[in-house]
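Architecture and fold: a report
Take a look at the letters that make up each chain.
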Amino acid sequence: MDASGASGITAMTETLEVRIDSIAAGGDGVGRHDGMVVFVPRSAPGDLARVRAVRHDRLMRGAIVEMLQGSEVRSQPPCEHYVVDRCGGCQIQHLRYDAQLTAKAGIIRDSLTRIGKVPVNSVYVEPSDQQWRYRRKLTLALRQSAGRWMAGLHRFDAPDEVFPLVDCLITDESVMRVWASVLAAQHLLPSAPALRGAVRALSTGFSFALEGARAWGTHREFFAGMPELVELWWQPDGKSRRLLQMRAGDAQAGASFVQVNPTVAAKVNAWVVALAKALRPGTAVDAYAGTGDLAVALAAQGIRVTAIEIDRDAAKIAGSRLPAGSRVVATSVENALPMALPADLVVLNPPRVGVHEQVTAILRAQSPKPKALLYVSCNPATLARDLGRLDGYEIRSLRGFDMFPQTAHVETVCELVPAA
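Notes on the structure in this doc start here. These numbers come from a predicted model, not from an experiment.

The next thing to look at is helix H3 (residues 173-184). Spanning 12 residues, H3 covers 17 Å between terminal C-alpha atoms, matching the ideal 16 Å at 1.5 Å per step. Residues of H3 that are buried: Ser174, Val175, Met176, Val178, Trp179 and Val182. Contact partners of the buried residues in H3: strand E8 (137-145), strand E9 (148-155), strand E11 (194-201), strand E12 (206-211), helix H4 (219-224) and strand E13 (229-235).

See below:
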C-alpha cells in the first residue's frame, strides 16, 4: 500500500508488529522493527501493537491499527477530546501518572546522553500536586464555521485541522469560563480568515491576547463587555503585540510571565533557591529574569543580584521589586552578561529555544568561573545542546519537575559546577 506525502513523493507503508519500549521527547512511543526505530503516537511502553508505518530515511512513523497486547501502564483517558477528536494538546493522557513520571525521567536522561553526550544514570521527577485543572492559560485557534467563530485545538495526526473544544480537563475551570465569555462576545472580534487567542489567569483577573487581523475597531466594546478581563492585548498581522486596554492599577507586564502551573513553579523556585543558599554566593546573575520572582527570592537571602530581562515591561516590574544593591538590565542576555560578570552564581532560565550560543561561549571563557550555573530548562533537547557547549563544567545535581501533567513536557533544573 502506497501513501503520498506532502512533497508529492510516494512513500511505501508497511503493516508490522511492534513492541513499544519507551516514550520519546514528543510523547510518541518508541519501538524497533528489523533494527529500525519506529515512532508510534498514543502507544505505551509494553504495548504490542500492529502498526501501519511509513519509512522516513532511518526511521519509521506509524499509527496503531490493532492492539495485540496492551501495557499494564495504560490508563483510560478521561477526556473525550483526547480519544474522539485526537486532540494534540496532551500526548500521554493514556499513561498512568507514575508511568508519565518515568517517561519524563527517560526523556531527560536520553536527551542529555544522546544530544549533550553527558552520561546520566537516573533522574528524579518531582510530581505535580494537581494532575488535572492545573493550567492557568489556554491558547486556542479561532476558525470560521457556518458564519461563526469556533475555538479549538489541533488534532495530533492532522495539525492543519482544528476541532471545536468543549472543555479542556487540564485547564482551570475559571479560564474555561472566560473563554466561553469570549465566544459569547465574538461579534466584537475582528474580521480575519483565522485568529488565535489566549486567556490567562492573573492575580487580579484575566488577560486576553489576540493574534491576527489588520484592524480591530470594536476592541473597546469587547473589553467593556467582559468585566473578567483586566488586560486586553493584540498582535496585528505582521506587527508586534501591544496593550490595548487595562483596568486601572492592574499592570501585569502583559501576563507573559505569569506561571501556567504556579504550584509546580513555586517548587522549582524553592529548589533553585535552596541550591543557591548552599553555595553561599555574594553575587548572582539571574538571566531571563521575567518579572523577577527568582531574583527577589535570591536577594532576600542577602545576595546582590543582577537580573537580565529583554522585555522592558517585565524588567520595569522586576526593578521595582528588587532591594537596593540589586539591579535590572533591560536587554538581551548575550549583550548584558559580559558586564554582569564576574559573579558567584549564574541562573539561566531561557525559553524553549535555549540560550544563545554567545551565552555559552561567554560562560565557557569566563575566568574565574562562577561557583555554579543553575540552568532551569523547559526543553530537555535544548538543555542537552547547551550543556554540550559548556566545556569546563560538570553536572552536580539534576532534577525534573512535572510542570505539565498529561503532556510530554517537563521542567528540569541542572546544577553545573566547574569541572575538577
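Picking up after the structure, the text goes on.
A few words on the nonpolar core. Counting residues in hydrophobic clusters, the biggest one holds 68 residues, and the most contacted among them are Trp179, Phe208 and Phe222. With residues near it in sequence (within four places) discarded, Phe222 still touches Val182, Ala185, Leu188, Leu189, Phe208, Trp216, Leu229 and Leu232.

This paragraph deals with the layout of surface pockets. Reported here for the second largest pocket is a volume of approximately 420 Å³. Looking at the second largest pocket, the residues that line it are Asp28, Phe39, Pro41, Arg42, Arg52, Arg61, Gly62, Ala63, Ile64, Val65, Phe156 and Asp157. The greatest single-element share of the lining of the second largest pocket, amounting to 5 residues, is contributed by strand E6 (residues 59-69). Taken together, the residues of the lining of the second largest pocket break down into 6 nonpolar, 1 polar and 5 charged.

This part covers the state of the cysteines. Tallied over the entire structure, the rule returns 0 disulfides. In this structure Cys168 is a free cysteine whose sulfur lies 6.0 Å from that of Cys90, the closest cysteine sulfur available. With no disulfide partner, Cys414 has as its closest neighbouring cysteine sulfur the one in Cys378, 14 Å distant.

In this section: the sheet that holds strand E19 (residues 372-377). Spatially, the 8 strands line up as an open sheet ordered E7-E20-E21-E19-E18-E15-E16-E17, and their pairing is mixed. Edge strands, defined here as strands with exactly one partner in the open sheet, are strand E7 (124-126) and strand E17 (327-329). With strand direction ignored, the average angle separating the axes of adjacent strands in the sheet is 20°.

Rules behind the numbers
- Residues numbered from 1 in each chain as written.
- Predicted model: local features only at pLDDT ≥ 70, side-chain atom pairs only at ≥ 80, totals over all residues.
- Heavy atoms only, no water.
- Helix = DSSP H or I, 4+ residues; strand = E, 2+ residues; numbered from the N terminus.
- Expected span 1.5 Å × (residues − 1).
- Buried < 20%, exposed > 50% of the residue type's maximum accessible area, 1.4 Å probe, protein only.
- Contact = heavy atoms within 4.5 Å.
- Core = buried A, V, L, I, M, F, W, Y, C linked by side-chain atoms within 4.5 Å.
- 1 Å grid on protein atoms, 1.4 Å probe; cavity = no way out; pocket = protein on both sides within 12 Å on 5 of 7 lines; lining within 4 Å.
- Points joined across faces, edges and corners; volume = space filled by probe spheres on them.
- Nonpolar A, V, L, I, M, F, W, Y, C, P; charged D, E, K, R; others polar.
- Disulfide = S-S within 2.5 Å.
- Pairing = 2+ DSSP bridges.
- Axes fitted to C-alpha atoms, helices over the stretch in contact; angles between N-to-C directions.

Shape is all these values report; function is a separate question.
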